[in-house]
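Chain by chain, the residues run as shown.
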Amino acid sequence: RTFKNERQRGQAVDTSIKTAEPINPKVLEEVSAIQQAYQESRGPTLLDAHRQTLQETKLQQAKNKDWTWSRDSNLDDGRRVDKNALHMVLGGASTELKSKFQGSLGR
């Protein structure tokens, strides 16, 4: 493979590449109107509908004011993976493991 991706994490994309000509405002307005009409005709996505139902069930449970914590349903509440923090923590773990251990399937 001769293609090599020179972009590294945290570096900006090369801006020396020529950009396209500016779009005519009338065409841009027409395209945005079509996109808006399309979005309105489709309604919410399945993911949005699922999130909304989860939020409604949580609000109903909050109205009951009973503390019902379940390990299966509430353990991951509020957890989010920060990719930059994960990259900092793991760092070069994969390359260091490859240098320490030799992986071979034929033994």
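Residue positions within a chain follow its written sequence, with the count starting from 1. pLDDT decides what is reported in this predicted model: residues at 70 or higher carry local features, side-chain atom pairs at 80 or more are listed and counted, and totals for whole chains, interfaces and linings draw on all residues regardless. Hydrogen atoms and water are omitted, and side-chain values are computed over all heavy atoms in the structure.

Enquirer: Explain the overall build of the protein chain to me, and be specific about the residues and the numbers.
Expert: Numbering of helices and strands starts at the N terminus; helices are DSSP runs of H or I of at least 4 residues and strands are runs of E of at least 2. For the protein chain, the count of helices and strands is 5 helices and 0 strands. Helices and strands in the protein chain line up, N terminus first, as α-α-α-α-α. Here the protein chain, with 107 residues, has 1% of them falling under the buried criterion. Relative accessibility thresholds used throughout: buried, under 20% of the residue-type maximum; exposed, over 50%; partly exposed, between the two (1.4 Å probe, protein chains only).

Enquirer: Outline a nonpolar patch on the surface, supporting the account with residue identities and numerical values.
Expert: Like-charged residues are merged into a patch within 9 Å and nonpolar side chains (Val, Leu, Ile, Met, Phe, Trp, Tyr) within 5 Å, provided each residue has over 30% relative accessible area and no salt bridge. All accessible areas in this document rest on Shrake-Rupley with a 1.4 Å probe, and a residue is counted as covered only by the protein chains that are shown. Salt bridge, as used here: a side-chain nitrogen of Lys or Arg that lies within 4 Å of a carboxyl oxygen of Asp or Glu. Side chains of Ile23, Val27, Leu28 and Val31 sit close together on the surface and give an oily, nonpolar patch of about 350 Å² of accessible area. You can see isoleucine 23 is positioned in the segment before α1 (25–42).

Enquirer: Report on helix α2 (residues 46–64), specifying residues and quantitative values.
Expert: Expected span of a helix: the number of residues minus one, times 1.5 Å. The terminal C-alpha atoms of α2 lie 27 Å apart, and with 19 residues this matches the ideal 27 Å at 1.5 Å per residue to within 8%. At the C-terminal side of α2, lysine 65 shows a positive phi close to 60 degrees.

Enquirer: Lay out the confidence of the model for the protein chain in plain terms, naming residues and giving numbers.
Expert: Per-residue confidence from the predictor is given as pLDDT, running between 0 and 100. Considering every residue of the protein chain, the mean pLDDT works out to 79; 81% of them sit at 70 or more. Per-element confidence in the protein chain ranges from a low mean pLDDT of 76 for helix α5 (residues 93–100) to a high of 93 for α1.

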